[in-house]
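Close look at the chain arrangement
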Amino acid sequence: DLLVPPESKTELLKRVSAATFKAVAKSPEISINFHKGSPKVDQDTAYLPETPSKITSEQLREYRGTLDSLALRERYHDKKIFASHVPQNAEARSVFEAIEQVRYEGLGARRMIGVAKNLTALISEDYRAKGYETITKKDNEQISDVISLLAREALFGVKIPKNAEPLMNLWRAKILPKIEKKLAKLNQSVHDQNEFSHITNDILRTLEFTIDDDTSS
């Protein structure tokens, strides 16, 4: 008999990651490719980030969170509906994309506790890297994350990560009263991306973002 070499930890992680991605995305036929670029899905192939050779348990959660987010986008996100509503203005587009990401990630996290933990680890690391734990001043570049956190809280009951609390202390009182009722409407339409997108653009208008006329129909 031929001796089969033992599977390396890297190969095992790739095999498990590929199988998990297909299950979370509900796409058993999708091809999986590991590469050094950004994670993406192109037609029938998912391009996933290379698995690190050495990885801590926390880094593994963050890695899985990256894969889970992409898989949930593939499962719950309709590109055509997105394209028909997304604003062309860069600032408005950034917030629109962030709220849509809350929708499709939240739908998966609600059903799968492991996915929820992975996404929490990924988000927490992002906020740590941005220095939100020690932040003392408002900056308009923070608005996308602020609204994303408010949406996660309102739509799916996700607690604000501890390292983002200083950020929310700066912004919550200014933004939440303006959009609280609209966030409640969003909560009722998480399974209807078209309606969800309409309400998202309404939120952006309330916050005085520029929305193109062709997205308001």
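Comments concerning the environment of Leu13
Note on placement: Leu13 falls in helix H1 (residues 9–25). C-alpha of Leu13 to C-alpha of Leu60: the two residues are 47 residues apart in sequence and 9.6 Å apart in space.

What about the nonpolar core?
By size, the foremost hydrophobic cluster in this structure holds 38 residues, and its most contacted members are Leu150, Leu167, Ile175, Leu183 and Leu186. Elements that contribute at least two residues to this core include exactly helix H4 (90–111), helix H5 (113–129), helix H6 (143–156), helix H7 (165–187) and helix H8 (193–206). Beyond its immediate stretch of four places on either side in the chain, Leu183 contacts Leu150, Ala151, Ala154, Leu155, Leu176 and Ile203. One finds Phe21, Leu48, Tyr63 and Leu70 within the second-largest nonpolar core, a separate group that totals 16 residues.

Focus: the side chain of Arg152
For Arg152, the location among the structural elements is in helix H6. The class for Arg152 is buried, based on a relative accessible area of 10%. Looking at Arg152, its side chain comes within polar contact range of the side chain of Glu105, at 2.9 Å. Those residues within four positions of Arg152 in sequence are excluded, and the remaining contacts are Val102, Glu105, Ile123, Gly157 and Val158.

Some thoughts on the packing of H4 against H8
At a minimum axis separation of 10 Å, H4 and H8 run at an interaxial angle of 140°. In terms of their interaxial angle, H4 and H8 are classed as oblique. The way H4 lies across H8 gives a crossing that is right-handed. Residues Ala92, Val95, Phe96, Ile99, Glu100 and Arg103 of H4 form the contact with H8, whose participating residues are Gln193, Phe196, Ser197, Thr200, Asn201 and Leu204. Here the contact of H4 with H8 is built from residues that sort into 6 nonpolar, 4 polar and 2 charged.

Things to note about the sheet that holds strand S2 (residues 40–42)
Strands sit in the order S1-S3-S2 across an open sheet of 3 strands; the sheet is mixed. Across the chains shown, the open sheet's two edge strands, defined by having one partner strand only, are strand S1 (31–35) and S2. Direction aside, the axes of adjacent strands within the sheet are offset by 25° on average. Contacting S1, S2 and strand S3 (45–49), helix H2 (residues 57–76) crosses the sheet at an angle of about 160° to S3.

Analysis parameters
Residues numbered from 1 in each chain as written. Predicted model: local features only at pLDDT ≥ 70, side-chain atom pairs only at ≥ 80, totals over all residues. Heavy atoms only, no water. Helix = DSSP H or I, 4+ residues; strand = E, 2+ residues; numbered from the N terminus. Core = buried A, V, L, I, M, F, W, Y, C linked by side-chain atoms within 4.5 Å. Buried < 20%, exposed > 50% of the residue type's maximum accessible area, 1.4 Å probe, protein only. Contact = heavy atoms within 4.5 Å. Polar contact = N/O pair within 3.5 Å; in protein donor to acceptor, adjacent residues only side chain to side chain. Axes fitted to C-alpha atoms, helices over the stretch in contact; angles between N-to-C directions. Parallel < 35°, antiparallel > 145°, perpendicular 65-115°, else oblique. Left-handed = near helix turned anticlockwise from the far one by under 90°. Nonpolar A, V, L, I, M, F, W, Y, C, P; charged D, E, K, R; others polar. Pairing = 2+ DSSP bridges.

The values reported here are purely geometric and, on their own, carry no functional implication.
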